[in-house]
Amino acid sequence: MPVLRVSADVALAALAARRDGRTEPLETACQEALRLGVWPLAHEAGFLLAVEEIRRGEFTAAGTRIHAAMADATRHGFGRDLEIVFNGHL
């Protein structure tokens, strides 16, 4: 059941971030997903954090987060898909 809890935590934290800009719950959910080894949820939370950074105009921070996520995704075997999606765009 921990995976379902983290999934719910990511979804609720994403709503909170969109509603009032609080990203701390999303950071916490991301770290918990990483701790449990639930890589897709961790990457989703990281992507949502990058979106919030973009909304605040923090483009460099968002780019750094996305590049780090791409390296992490590549280590976990998700990199080929990301290469196709972001080819030449980052």
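Quick note: structure is the one above.
Source: prediction; values computed, not measured.

Undergrad: How do you make sense of the pattern of salt bridges when you look at a structure like this?
TA: Note that side chains of opposite charge can pair when their charged atoms are close. Scanning the entire structure with this criterion turns up nine salt bridges. One salt bridge in this structure joins arginine 5 and aspartate 9, with 3.2 Å as the shortest N-O distance. A residue pair is termed a helical-turn pair when its members lie 3 or 4 positions apart in one helix, as arginine 5 and aspartate 9 do in helix 1 (residues 2-20) at four residues. Relative accessible area serves as the criterion here: at 40%, arginine 5 is assigned to the partly exposed category. Via salt bridges that share partners, Arg5, Asp9, Glu32 and Arg35 belong to a single interconnected network.

Undergrad: Teacher, can you tell me more about helix 3 (residues 39-55) here?
TA: Side chains of residues three or four places apart in an α-helix project in the same direction, reflecting 3.6 residues per turn. Over its 17 residues, helix 3 runs 24 Å from end to end, which matches the ideal 24 Å to within 8%, given 1.5 Å per residue. When helix 3 is considered as a whole, its buried residues turn out to be Leu41, Ala42, His43, Ala45, Gly46, Leu48, Leu49, Ala50, Glu52 and Glu53. Looking at the packing, one finds that the buried side of helix 3 touches helix 1, helix 2 (24-36) and helix 4 (59-75). At the exit of helix 3 stands glycine 57, carrying a positive phi of roughly 85 degrees.

Undergrad: Is there a simple way to explain the nonpolar core in this structure?
TA: One recurring pattern in soluble globular proteins is that nonpolar side chains are buried together. Ranked by internal contacts, the top residues of the largest apolar core, which has 15 residues, are Val6, Val10, Leu26, Ala33, Leu41, Ala45 and Leu48. Of all the elements in the fold, those that place two or more residues in this core are helix 1, helix 2 and helix 3.

Undergrad: Where do I start with the packing of helix 1 against helix 3 in this structure?
TA: The angle between the axes and the distance between the axes are what describe a pair of packed helices. Orientation of helix 1 relative to helix 3, taken along the N-to-C sense of each, is 5 degrees, at an axis distance of 10 Å. On the basis of the axis angle, helix 1 is roughly parallel to helix 3. Mapping the contact onto sequence places Val3, Val6, Ser7, Val10, Ala14, Ala17 and Arg18 in helix 1 and Leu41, Glu44, Ala45, Leu48, Glu52 and Arg55 in helix 3. For the contact of helix 1 with helix 3, a count of residues per class yields eight nonpolar, one polar and four charged.

Undergrad: What exactly am I supposed to notice about the side chain of glutamate 52 here?
TA: By the element assignment, glutamate 52 lies in helix 3. Only 3.0 Å separates the side chain of glutamate 52 from the side chain of arginine 55, close enough to count as a polar contact. When neighbours within four sequence positions are excluded, glutamate 52 is seen to be in contact with Ala17, Arg18 and Thr23.

Procedures and definitions
Residues numbered from 1 in each chain as written. Predicted model: local features only at pLDDT ≥ 70, side-chain atom pairs only at ≥ 80, totals over all residues. Heavy atoms only, no water. Salt bridge = Lys/Arg side-chain N within 4 Å of Asp/Glu carboxyl O. Helix = DSSP H or I, 4+ residues; strand = E, 2+ residues; numbered from the N terminus. Buried < 20%, exposed > 50% of the residue type's maximum accessible area, 1.4 Å probe, protein only. Expected span 1.5 Å × (residues − 1). Contact = heavy atoms within 4.5 Å. Core = buried A, V, L, I, M, F, W, Y, C linked by side-chain atoms within 4.5 Å. Axes fitted to C-alpha atoms, helices over the stretch in contact; angles between N-to-C directions. Parallel < 35°, antiparallel > 145°, perpendicular 65-115°, else oblique. Nonpolar A, V, L, I, M, F, W, Y, C, P; charged D, E, K, R; others polar. Polar contact = N/O pair within 3.5 Å; in protein donor to acceptor, adjacent residues only side chain to side chain.

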